[in-house]
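# Report on the structure
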Amino acid sequence: MKNEDTREAVVSQLRTLRKEQGMTQEHLAEIVGTKKSNISRLESGRYNPSLDFLIKVADGLGKQITVKIR
């Protein structure tokens, strides 16, 4: 899997989880302590987030990030 594919897979999972929970980008941003525009840029692929930010977003969705290095 290429880096771009990995990034898109993570972003896609987070976007899907948010939508499945009926949560708006604005609400998730409030939980995470960031701006809605940061969530929007994350979900559109225009933002290269830090691992810490991804962990906060996942936590805001009640999930955990698991990393595998192959």
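Scroll up to find the structure this text is about.
What you are looking at is a predicted structure, and each value in this text was computed from that prediction instead of being measured.

## Describing the nonpolar core
Ranked by internal contacts, the top residues of the largest apolar core, which has 13 residues, are Leu-14, Leu-28, Ile-39, Leu-42, Phe-53, Val-57 and Leu-61. Counting only elements with at least two residues in this core, the list comes to helix H1 (3-20), helix H2 (25-32), helix H3 (36-44) and helix H4 (51-60). Ranked by residues supplied to this core, first place goes to H4 with four residues. Aside from chain neighbours lying at most four places away, what touches Leu-42 is Val-11, Leu-14, Tyr-47, Pro-49, Phe-53, Leu-54 and Val-57.

## Some details on the environment of Pro-49
Summarising the element assignment, Pro-49 is placed in the loop between H3 and H4. Apart from residues no more than four positions distant in its own chain, Pro-49 is found in contact with Leu-42 and Leu-54.

## Thoughts on the pattern of salt bridges
Two side chains bearing opposite charge may form a pair once their charged atoms approach each other closely. Under the counting rule described, the total for this entry stands at two salt bridges. With its nearest N and O atoms 3.8 Å apart, the salt bridge here joins Arg-15 to Glu-8. Its relative accessible area of 40% is what places Glu-8 among the partly exposed residues.

## Considering the side chain of Glu-43
The residue Glu-43 is located in helix H3 in this model. Look past the residues within four positions of Glu-43 in its chain and what remains in contact with it is Val-11, Arg-15, Arg-18 and Gln-25.

## Things to note about the layout of surface pockets
Counted as a void, the largest pocket has a volume near 830 Å³. Lining the largest pocket we find 24 residues, and of these Thr-6, Arg-7, Val-10, Thr-66 and Val-67 sit closest to its centre. The set of elements that each furnish at least two residues to the lining of the largest pocket consists of H1 and H4. It is H1 that provides the largest number of residues to the lining of the largest pocket, a total of nine residues. Residues belonging to the lining of the largest pocket are distributed by class as follows: 13 nonpolar, seven polar and four charged.

Analysis parameters
- All residue numbers refer to position in the chain's written sequence, counted from 1.
- With pLDDT at 70 or above as the cut-off, local features in this predicted model cover only qualifying residues; side-chain atom pairs require 80 or more to be listed or tallied, and sums for whole chains, interfaces and linings still use all residues.
- Only hydrogens and water are set aside; all other atoms, that is, all heavy atoms of the structure, feed into the side-chain values.
- The criterion is simple. A nonpolar core is a set of buried Ala, Val, Leu, Ile, Met, Phe, Trp, Tyr and Cys residues joined through side-chain atoms within 4.5 Å.
- Any residue under 20% of the maximum accessible area for its type is buried, any over 50% is exposed, and the rest in between are partly exposed; the area is computed with a 1.4 Å probe on protein chains only.
- The secondary structure listing takes helices from DSSP runs of H or I that are at least 4 residues long and strands from runs of E that are at least 2 residues long, numbered from the N terminus.
- The contact criterion used throughout is that any non-hydrogen atoms of two residues lie within 4.5 Å.
- Here a salt bridge means any side-chain nitrogen of Lys or Arg lying within 4 Å of a carboxyl oxygen belonging to Asp or Glu.
- Within this scheme a cavity is a closed region of a 1 Å grid, computed over the protein atoms alone, that accommodates a 1.4 Å probe without allowing it to escape, whereas a pocket is open but has protein on both sides within 12 Å along at least five of seven lines; lining residues each have an atom within 4 Å of a point.
- Grid points are joined across faces, edges and corners, and a volume is the space filled by probe spheres set on the points.
- Put simply, Ala, Val, Leu, Ile, Met, Phe, Trp, Tyr, Cys and Pro go in the nonpolar bin, Asp, Glu, Lys and Arg in the charged bin, and everything else, Gly too, in the polar bin.

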